[in-house]
Amino acid sequence: MPALSSPFVFRNLPALLMMAIVLPLLAGCGYNTIPTAEENAKAAWSQVLNQYQRRADLIPNLVETVKGYAAHEKETLDAVVEARAKATEVTVTPDTLSDPEAVKRFQDSQAGLTSALSRLLAVVENYPDLKANQNFLALQAQLEGTENRISVARRDYIEAVREYNLTLRTFPSVIWATLWFRDNQPFANFTIEEDKMQTPKVDFGTQQGG
């Protein structure tokens, strides 16, 4: 690479000095705060999606296991299958989190699946043999673990979105939002209460009473 000529350096010295002064100031004043917070929120949403997908993946085996002992509970089983289909049809990518209607549709579909699962798990209480089935017990443990992961992922997303949205309207990052990140929009957050998004814990009789 050819060396810069002296006239070029002297002619552009003020600009170079300005860059040397301004760039550290930009970094020090939080210029990267908005894009960093945005990426954190998107990453948190990806974890939410992963955990809900994990739950959806467990449901076919759960339904088949229950069907083996309670085939005549067809209405309840069909409701779970239908709710799962609706939930997996509604997707919100990290790039569309600024659309509150899309996020609400996602919430509603997942809440519908949660409700259907709750009814199914309540039905299980009527079938002692099913509650003692090893395959069912394993699925139940996986489902409970997944519900816990969903809860954690949701809390992490709520906090990440809160931080990102604050950067768009609080000083000093609001300056960068006005000057450089005008296209950035607040992300939609969960509006359904935590207890309405979780499957109630059910005692499946994993411990034998005396």
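Note that this is a predicted model, so its numbers are computed, not measured.

A word on a nonpolar patch on the surface
Thinking step 1. A contiguous nonpolar patch, built from F171, I175, L179 and W180 and spanning about 480 Å² of accessible area, is present on the exposed surface.
Thinking step 2. When you line up the elements, I175 lands in helix α8 (residues 173-179).
Thinking step 3. On the accessibility criterion, I175 (33% relative accessible area) is partly exposed.

Observations concerning the packing of helix α3 (residues 33-69) against helix α4 (residues 74-89)
Thinking step 1. Running from N to C, α3 and α4 point in directions that differ by 170 degrees, and their axes come no closer than 10 Å. Classed by the angle they form, the pair α3 and α4 counts as roughly antiparallel. Here A56, D57, I59, P60, V63, V66 and K67 of α3 lie close against α4, whose contacting residues are L77, V80, V81, R84 and T88.
Thinking step 2. Of the residues that constitute the contact of α3 with α4, the class distribution is 8 nonpolar, 1 polar and 3 charged.

A look at helix α5 (residues 100-124)
Thinking step 1. The end-to-end C-alpha distance of α5, which contains 25 residues, comes to 36 Å, matching closely the 36 Å that a straight helix rising 1.5 Å per residue would cover.
Thinking step 2. The N-cap of α5, judged by a side-chain oxygen 3.1 Å from the amide nitrogen of E101 a few residues on, is D99.

Some words on the nonpolar core
Nonpolar side chains in soluble globular proteins generally cluster together in the buried interior.
Thinking step 1. Ranked by internal contacts, the top residues of the largest apolar core, which has 25 residues, are W45, V48 and Y157.
Thinking step 2. Going through the elements one at a time, α3, α5, α7 (134-167) and α8 are the ones with two or more residues in this core.
Thinking step 3. A total of 7 residues in this core trace back to one element, the largest contributor, which is α3.
Thinking step 4. Every residue in contact with Y157, bar those within four places of it in the chain, is listed here: A41, A44, W45, V48, L97, F187, A188, N189 and F190.
Thinking step 5. The next biggest cluster of nonpolar side chains, apart from the first, holds 22 residues, and it includes V63, V80, F136 and L143.

Considering the packing of aromatic side chains
In this description, an aromatic ring pair is defined by two values, namely the gap between the centres and the angle between the planes.
Thinking step 1. For the coordinates displayed, the defined rule picks out 8 aromatic pairs.
Thinking step 2. Aromatic pair Y31 and F181: ring centres 5.5 Å apart, planes at 45 degrees, arrangement tilted. In this pair, Y31 is assigned in the loop between α2 (13-28) and α3 and F181 in the loop between α8 and α9 (194-197), connecting sequence segments 150 residues apart.
Thinking step 3. Look at Y31 and you get partly exposed, because its relative accessible area is 24%.
Thinking step 4. Feature note: the residues W45, Y52, F106, Y157 and F190 constitute an aromatic cluster, connected by ring pairs.
Thinking step 5. The ring of F190 carries the charged tip of R154 above its face, separated from the ring centre by 4.3 Å.

Some remarks on the pattern of salt bridges
Thinking step 1. Taken as a whole, this structure holds 9 salt bridges when the rule is applied.
Thinking step 2. Among the salt bridges present, the one from E82 reaches K86, with a minimum N-O distance of 3.4 Å. Of this pair, E82 and K86 both sit in helix α4, 4 residues apart, which is roughly one turn of that helix.
Thinking step 3. We classify E82 as partly exposed; its relative accessible area is 46%.
Thinking step 4. Ionic pairing is found between R162 and E159, a salt bridge with its closest N-O pair at 2.7 Å. Of this pair, R162 and E159 both sit in helix α7, 3 residues apart, roughly one helical turn.
Thinking step 5. Among the residues examined, R162 registers a relative accessible area of 42% and is labelled partly exposed.
Thinking step 6. With a relative accessible area of 34%, E159 lands in the partly exposed category.
Thinking step 7. Among the ionic contacts, a cluster of salt bridges with common partners joins E38, K42 and D95.

Reading guide: rules and limits
- Residues numbered from 1 in each chain as written.
- Predicted model: local features only at pLDDT ≥ 70, side-chain atom pairs only at ≥ 80, totals over all residues.
- Heavy atoms only, no water.
- Patch = residues over 30% accessible without salt bridge, like charges linked within 9 Å, V, L, I, M, F, W, Y side chains within 5 Å.
- Areas by Shrake-Rupley, 256 points an atom, 1.4 Å probe, with all protein chains shown as cover.
- Salt bridge = Lys/Arg side-chain N within 4 Å of Asp/Glu carboxyl O.
- Helix = DSSP H or I, 4+ residues; strand = E, 2+ residues; numbered from the N terminus.
- Buried < 20%, exposed > 50% of the residue type's maximum accessible area, 1.4 Å probe, protein only.
- Axes fitted to C-alpha atoms, helices over the stretch in contact; angles between N-to-C directions.
- Parallel < 35°, antiparallel > 145°, perpendicular 65-115°, else oblique.
- Contact = heavy atoms within 4.5 Å.
- Nonpolar A, V, L, I, M, F, W, Y, C, P; charged D, E, K, R; others polar.
- Expected span 1.5 Å × (residues − 1).
- Polar contact = N/O pair within 3.5 Å; in protein donor to acceptor, adjacent residues only side chain to side chain.
- Core = buried A, V, L, I, M, F, W, Y, C linked by side-chain atoms within 4.5 Å.
- Phe/Tyr/Trp six-rings, centres within 6.5 Å; stacked < 30°, edge-to-face > 60°.
- Lys NZ or Arg CZ within 6 Å of the ring centre and 35° of its normal.

So, to be careful, I would describe these as geometric facts and stop short of saying anything about function.
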